[in-house]
Structures are given as C-alpha cells and as structure tokens.
Amino acid sequence: MELTFESALDWNRRHPPGTSVTLTRSDGSSVSTRTRSWAAQWGSFAVLQLQHVDGLWTTSALTVTPDLFDGH
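This structure is a prediction, so every number in the text was calculated from the model and none was measured.

Undergrad: Can you help me understand the overall build of the protein in this one?
TA: Each helix and strand counted, the protein has one helix and six strands in total. Taking contacts inside the protein between residues at least 6 apart in sequence as the whole, the part at least 24 apart equals 38%. Surface summary for the protein: the accessible area is close to 5200 Å², and the carbon and sulfur share equals 56%.

So this is what it looks like as structure tokens:
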C-alpha cells in the first residue's frame, strides 16, 4: 500500500489564505470556513490555521469548496 501526502508547498501553490474549505472532524462533523494562514510542513503533515476554528489542522482534513462569489 502506497502512502501519499500533500506537501505544504503543493497546497500553498493552489490554495492561498482565504480559500473556502470544509473541515471534516474526526467525529464526522463538518464545518465550512476559510483558511487563515499558509500551510507549514510538520514532518509528513501540512498544517494550517482556519478562520473561526481554533488550532492547527492538517490539509488532509480539508476539502476545498467553491466560492459562489469567486469569478473563476
């Protein structure tokens, strides 16, 4: 089984601070928010801060969501 992970550099190239995301917590609940920081590499984890949600979160817990007001 091959393990893959997304580096902070890869994440940051595509998703600047302010990106709309859905955070899926370990209990299965989810929260819609935006990223507050650039991702940083901690070993094999890319972690970042979110708006209105305390702590550091791995990018693997995030799903980028379309922003209805983004012109792209």
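Undergrad: Sorry if this is basic, but what is going on with the sheet that holds strand S4 (residues 45-50) here?
TA: Two orientations exist for strands paired in a sheet by backbone hydrogen bonds: parallel and antiparallel. Reading across from one edge, S3-S4-S5 is the order of the three strands in this open sheet, with antiparallel pairing throughout. Every interior strand has two partners, whereas the edge strands, strand S3 (40-42) and strand S5 (53-58), have only one. Adjacent strand axes in the sheet meet at a mean angle of 35°, parallel and antiparallel pairs treated alike.

Undergrad: Quick question: what am I supposed to make of the sheet that holds strand S2 (residues 30-34) here?
TA: Taken together, three strands build an open sheet; the order of strands is S2-S1-S6 and the sheet is antiparallel. Of all the strands in the sheet, the pair left with one neighbour each is S2 and strand S6 (62-64). Adjacent strand axes in the sheet meet at a mean angle of 30° when their direction is disregarded. In this sheet, S2 lies alongside strand S1 (residues 20-24) in antiparallel orientation, the contact comprising five bridges. Residue pairing in the sheet places Ser20 in a bridge with Arg34 of S2.

Undergrad: Teacher, can you tell me more about the pairing of S5 here?
TA: Within a regular strand, the side chains alternate between the two sheet faces. Taken together, the four bridges between S4 and S5 define a ladder with antiparallel strand orientation. By the bridge assignment for S5, Leu48 is matched with Trp57. Counting the residues that bridge the hairpin from S4 to S5 gives two residues, and of these His52 lies at a positive phi of roughly 65°.

Undergrad: Help me understand unusual backbone geometry in this model?
TA: Most peptide bonds are trans, and most residues other than glycine sit at a negative phi. Phi is positive for His52, close to 65°, though the residue is something other than glycine. When you line up the elements, His52 lands in the loop between S4 and S5. On the basis of relative accessibility, which here comes to 79%, the residue His52 falls in the exposed class.

Undergrad: Looking at this structure, how should I read the pattern of salt bridges?
TA: Opposite charge on two side chains permits pairing when their charged atoms draw close. Per the stated rule, a full pass over the model turns up one salt bridge. Between Asp10 and Arg13 there is a salt bridge, with its nearest N and O atoms 3.6 Å apart. Within this pair, Asp10 and its partner Arg13 are both found in helix H1 (residues 8-14), separated by three residues, close to a single helical turn.

Cut-offs used in this document
Residues numbered from 1 in each chain as written. Predicted model: local features only at pLDDT ≥ 70, side-chain atom pairs only at ≥ 80, totals over all residues. Heavy atoms only, no water. Helix = DSSP H or I, 4+ residues; strand = E, 2+ residues; numbered from the N terminus. Contact = heavy atoms within 4.5 Å. Areas by Shrake-Rupley, 256 points an atom, 1.4 Å probe, with all protein chains shown as cover. Pairing = 2+ DSSP bridges. Axes fitted to C-alpha atoms, helices over the stretch in contact; angles between N-to-C directions. Buried < 20%, exposed > 50% of the residue type's maximum accessible area, 1.4 Å probe, protein only. Salt bridge = Lys/Arg side-chain N within 4 Å of Asp/Glu carboxyl O.

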